[in-house]
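Each chain, written out:
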Amino acid sequence: MRYSPEALTAFVETVSCGSFSAAARRLRKSQSTISTAIAHLEVDLGVTLFDRSARQPVLTPQGQRVLSYVQVILAASERLDELAVSLSGETEARLTFVLSDTLHPDVLEDLLAQFDRRFPHTEFECLVGEDDDVVDLLQKGRAQVGLIEARDDYPTDIGHTRLPMQTRMAIYVAPGHPLAAQERVEWEQLRTWRELRLNTYLENRTTPARGPVWSAPNYLMLLSMAAQGLGWCALPCALVDEFARSAELTMLDIAGWPMSVSIDLLWHKEAPLGAAGSWLRDYLQQVSA
């Protein structure tokens, strides 16, 4: 390739993030590295990609045209990497899967049983993570595949696909909590009681709490806290059903809840999946909870 893949990635990421500094943070590089890579790409192409006169870089008309071509090049490069791994028939000695508590337990049970039959010699590691923690584990190479509550935007080095399954979320309290005795609960009432909120290690929350909050990095821990009567919490319904005997909870009747949440499957584009990882991705793309 005549143009540096790193420069192409820096260009697309800057467009996605809206600034050189944000792209640098997402790609875990210095801002000067990103700026230099894009400057070299502009020299190679002979065009100016960004208007730098404003506070934030703005795509020029030429940059807008170049963007679509670069996106196609990067997508084709990713598919070529995947094809090469597929043709080699290489199976990972170890596969790490970042599991979200939003995955239905029945789906996980069947996945593990089938994986064991197909890849008995592959070491399979399950981690539990949510939100930005999943992306971070993939980018650091600590995991190869991960699940996340669906979002509209991901770093350019993260591959993603929307799964055909959804998870139902509802708001729960312990049976002895004062809110459990009410037939209908309004949001303003909730805010007067402690919220048990998901708060990952890489917290990136933009909406401040409007009441007292305790937090934990995964839903299972939040479920345990809710069962102790420590507050109210939004939880996956299937997770609550799974632990209903040991952690009884009451679902609150509140407008808009329960609600369905889509799930995305993620992987790192620079680390193409082998036979085991590809099978796991294909399995989850076909199964419905």
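Located above this text is the structure these notes cover.
Residues numbered from 1 in each chain as written. Predicted model: local features only at pLDDT ≥ 70, side-chain atom pairs only at ≥ 80, totals over all residues. Heavy atoms only, no water.

Chemist: How should I be thinking about a negative patch on the surface in this particular structure?
Modeler: Residues Asp106, Glu109, Asp110, Asp241 and Glu242 make up a contiguous surface patch of negative charge. Listing elements by their share of the negative patch, those giving two or more residues are α5 (105-118) and α9 (237-242). Residue contributions to the negative patch peak at 3 residues, all from α5. Mapped onto the secondary structure, glutamate 109 falls in helix α5. (Patch = residues over 30% accessible without salt bridge, like charges linked within 9 Å, V, L, I, M, F, W, Y side chains within 5 Å. Areas by Shrake-Rupley, 256 points an atom, 1.4 Å probe, with all protein chains shown as cover. Salt bridge = Lys/Arg side-chain N within 4 Å of Asp/Glu carboxyl O. Lys, Arg positive; Asp, Glu negative; His and termini not counted. Charge placed at Lys NZ, Arg CZ, Asp CG, Glu CD. Helix = DSSP H or I, 4+ residues; strand = E, 2+ residues; numbered from the N terminus.)

Chemist: Just checking my understanding: could you explain the layout of surface pockets for this structure?
Modeler: To locate leftover empty space, one rolls a probe as large as a water molecule over the atoms. Approximately 780 Å³ is the volume found for the second largest pocket. Thr9, Thr156, Asp157, Lys269 and Glu270 are, among the 32 residues lining the second largest pocket, the residues nearest its centre. For the lining of the second largest pocket, the secondary-structure elements that each account for two or more residues are α1 (5-17), α2 (20-27), α3 (31-45), α4 (61-88) and β6 (158-173). Grouping the amino acids of the lining of the second largest pocket by side-chain chemistry returns 12 nonpolar, 9 polar and 11 charged. (1 Å grid on protein atoms, 1.4 Å probe; cavity = no way out; pocket = protein on both sides within 12 Å on 5 of 7 lines; lining within 4 Å. Points joined across faces, edges and corners; volume = space filled by probe spheres on them. Nonpolar A, V, L, I, M, F, W, Y, C, P; charged D, E, K, R; others polar.)

Chemist: Looking at this structure, I do not really get the nonpolar core. What am I missing?
Modeler: General note: in soluble globular proteins, nonpolar side chains tend to be found buried as a group. Core analysis: the largest hydrophobic core is formed by 28 residues, its most contacted members being Leu190, Leu222 and Leu235. Put simply, the parts of the chain that give this core at least two residues each are β6, β7 (195-198), α8 (219-227), β9 (233-236) and α9. When near neighbours in sequence (up to four residues on either side) are disregarded, leucine 222 contacts Leu196, Arg197, Leu198, Ser215, Ala216, Cys233 and Leu235. Grouped together as the second largest cluster of nonpolar side chains are 23 residues, Phe115, Met165, Leu265 and Trp279 included. (Core = buried A, V, L, I, M, F, W, Y, C linked by side-chain atoms within 4.5 Å. Buried < 20%, exposed > 50% of the residue type's maximum accessible area, 1.4 Å probe, protein only. Contact = heavy atoms within 4.5 Å.)

Chemist: Help me understand the pattern of salt bridges in this model?
Modeler: Counting across every chain of the model gives 13 salt bridges. Across the salt bridge formed by glutamate 125 and arginine 94, the nearest N and O atoms sit 2.6 Å from each other. Separated by 31 residues along the polypeptide, glutamate 125 in strand β4 (residues 123-128) and arginine 94 in strand β3 (residues 94-99) bring together distant segments of the chain. For arginine 94, a relative accessible area of 38% corresponds to the partly exposed category. The shortest N-O distance in the salt bridge between arginine 184 and aspartate 253 comes to 2.7 Å. Note that arginine 184 is positioned in the loop between β6 and α7 (187-190) and aspartate 253 in the loop between β10 (250-251) and β11 (259-268), a separation of 69 residues in sequence. Owing to a relative accessible area of 42%, arginine 184 belongs among the partly exposed residues under this scheme.

Chemist: Explanation requested: the packing of α1 against α3 in the structure shown.
Modeler: Each pair of packed helices can be summarised by the angle the axes make with each other and by the distance between the axes. Packing of α1 against α3 brings their axes to within 8 Å, and their N-to-C directions diverge by 110°. Looking at the two axes, α1 sits roughly perpendicular to α3. Within the contact between the two elements, α1 uses Ala7, Leu8, Ala10, Phe11 and Thr14 and α3 uses Ile34, Ala37, Ile38 and Leu41. Grouping the amino acids of the contact of α1 with α3 by side-chain chemistry returns 8 nonpolar, 1 polar and no charged. (Axes fitted to C-alpha atoms, helices over the stretch in contact; angles between N-to-C directions. Parallel < 35°, antiparallel > 145°, perpendicular 65-115°, else oblique.)

Function cannot be inferred from these measures alone, as they are strictly geometric.
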